[in-house]
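Observations on the three-dimensional arrangement
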Amino acid sequence: MNIFAIGDVHLSLDERVQKPMDVFGPRWANHAERLRENWLNLVSEDDLVIICGDISWGLRLEEAMADLLFLDELPGTKVITKGNHDLWWNSVSKLNKISERMIFLQNKAFLLPGAVDFNSSATTSDDRIAICGTRGWICPGTEGFDAHDQKIYDREILRLRMSLDDAVKQGATKIIASLHYPPSNDKFEASGFTETLSEYGVKTCVYGHLHGKDAFKNGYKGIWNGVEYKLVSLDYVEAMPVKI
């Protein structure tokens, strides 16, 4: 099994949803078709793909269903966390009845079966790999951060901790985390997210949300207090799922 990640697929395949993405630049031209082609070339049925938010422009689940079925038909198991534009996201128990090949994470962890190829001698067949995650939020130190943001920020850290606690409870020995928002502000100051991820010994954290070359630089990339951070928004990775 290999693990891949990508975020911000921003699909709108339902004819009732009019949200062409190519207006945002050439990296978005035919992005759904390019994503499908790249996915089919890289991902096998035995693999897993983390999709870290902003899945569909649909406002209601019935409008997002065409997008979810598009993903479901692609190879592999998909572990999905919520983005700020996923307004269709409702009861997670209802979402998890759509398909056995799609796992929607909220306050829980997904423990992978069997061995995982991390291309690392530090990973063995005895390792138990868990995927955790939450949407996240903008962090203190971001311009305009106010009391309302603080409330959401605190709640999202709590949700991340609940997900991580569930991974520990299930006996995970290695953890991959999925956020939608970057884990810190654009000055790369420590946050409740970075501190929590380090506290739990998370191996890798993937995130999205940032779009365009001016924004890409605002997301931390690399190893920070033992955690490797990867920006995987679709336009940044050019619609190519990134192998973790």
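This text follows the structure it describes.
Computed from a prediction, not measured in an experiment: that's the story for all the values here.

This part takes up the overall build of the chain. A tally of regular secondary structure across the chain gives six helices and 11 strands. A compact globule built from 244 residues should have a C-alpha radius of gyration of about 18 Å, and the chain, at 17 Å, falls within 12% of that. Taken along its principal axes, the extent of the C-alpha atoms in the chain is 45 × 45 × 35 Å. Per-residue burial for the chain yields a buried fraction of 53% across its 244 residues. Long-range pairs, those at least 24 residues apart, make up 76% of the contacts in the chain with a sequence separation of at least 6. Accessible surface, the chain: about 11,100 Å² in total, of which carbon and sulfur atoms supply 50%. In the chain, the 27 positive side-chain charges and the 35 negative ones have mean positions that sit 3 Å from each other.

In this fold, E63 is placed in helix α2 (residues 61-72). You can call E63 buried: its relative accessible area is 8%. A polar side-chain atom of E63 sits 2.9 Å from the main-chain amide nitrogen of L59. In this structure, E63 is in contact with D14, R16, V17, S56 and G58, ignoring residues within four places of it in sequence.

Here the focus is the packing of aromatic side chains. Within the structure shown, the criterion is met by 11 aromatic pairs. Look at F188 and Y220: their rings are 5.6 Å apart centre to centre, the planes differ by 80°, and that puts the pair in the edge-to-face class. Pair noted here: F188 is in the loop between β7 (174-179) and α5 (192-199) and Y220 is in the loop between α6 (213-216) and β9 (222-224), with a separation of 32 residues, a long-range link. Centroid distance Y220 to W224: 5.0 Å. Interplanar angle 55°. Geometry classified as tilted. Three or more aromatic residues joined by ring pairs form one cluster here, namely F188, Y220, W224 and Y229.

A word on the sheet that holds strand β3 (residues 77-81). Think of a sheet as strands paired side by side through backbone hydrogen bonds, with each pair either parallel or antiparallel. Strand order in the open sheet made by the five strands is β4-β3-β2-β1-β11, with mixed pairing throughout. Each of the sheet's edge strands pairs with one partner strand only, and the pair in question is β4 (102-104) and β11 (242-243). Judged from the four bridges that link them, strand β1 (residues 3-6) and strand β2 (residues 48-52) form a sheet pairing that is parallel. Bridging across to β2, I3 finds its partner in L48. Strands β2, β3 and β4 of the sheet are contacted by α2, whose axis makes an angle of about 125° with β4.

This paragraph deals with the packing of helix α4 (residues 147-169) against α5. At a minimum axis separation of 10 Å, α4 and α5 run at an interaxial angle of 15°. One way to sum up the angle between α4 and α5 is to call them roughly parallel. Relative to α5, α4 is oriented so that their crossing is right-handed. Taking contact as the criterion, the partners of Y153, E156, I157, L160, R161 and L164 in α4 are, on α5, G192, F193, T196, L197 and E199. In the contact of α4 with α5, the residues fall into six nonpolar, two polar and three charged.

Attention now moves to the pattern of salt bridges. Scanning all chains against the criterion turns up 12 salt bridges. The shortest N-O distance in the salt bridge between R135 and E156 comes to 3.7 Å. Of this pair, R135 sits in the loop between β6 (129-134) and α4 while E156 is found in helix α4, placing the two residues 21 residues apart along the sequence. There is no split in this pair, since R135 and E156 are both buried. The shortest N-O distance in the salt bridge between R159 and E156 comes to 3.2 Å.

Under the 1.5 Å per step criterion, the end-to-end length of α4 is 33 Å for 23 residues, consistent within 8% with the ideal 33 Å. Regarding α4, the residues found buried are D149, I152, Y153, E156, I157, L160, S163, L164, D166 and A167. Of the surrounding elements, those touching the buried residues of α4 are β6, β7 and α5. Between a side-chain oxygen at the N-terminus of α4 and the backbone nitrogen of H148 the separation is 3.1 Å; the capping residue is D146. Among the residues trailing α4, G171 stands out with phi positive, at a value near 90°.

Procedures and definitions
- Residues numbered from 1 in each chain as written.
- Predicted model: local features only at pLDDT ≥ 70, side-chain atom pairs only at ≥ 80, totals over all residues.
- Heavy atoms only, no water.
- Helix = DSSP H or I, 4+ residues; strand = E, 2+ residues; numbered from the N terminus.
- Rg over C-alpha atoms; globule rule 2.2 N^0.38 Å.
- Buried < 20%, exposed > 50% of the residue type's maximum accessible area, 1.4 Å probe, protein only.
- Contact = heavy atoms within 4.5 Å.
- Areas by Shrake-Rupley, 256 points an atom, 1.4 Å probe, with all protein chains shown as cover.
- Lys, Arg positive; Asp, Glu negative; His and termini not counted.
- Charge placed at Lys NZ, Arg CZ, Asp CG, Glu CD.
- Polar contact = N/O pair within 3.5 Å; in protein donor to acceptor, adjacent residues only side chain to side chain.
- Phe/Tyr/Trp six-rings, centres within 6.5 Å; stacked < 30°, edge-to-face > 60°.
- Pairing = 2+ DSSP bridges.
- Axes fitted to C-alpha atoms, helices over the stretch in contact; angles between N-to-C directions.
- Parallel < 35°, antiparallel > 145°, perpendicular 65-115°, else oblique.
- Left-handed = near helix turned anticlockwise from the far one by under 90°.
- Nonpolar A, V, L, I, M, F, W, Y, C, P; charged D, E, K, R; others polar.
- Salt bridge = Lys/Arg side-chain N within 4 Å of Asp/Glu carboxyl O.
- Expected span 1.5 Å × (residues − 1).

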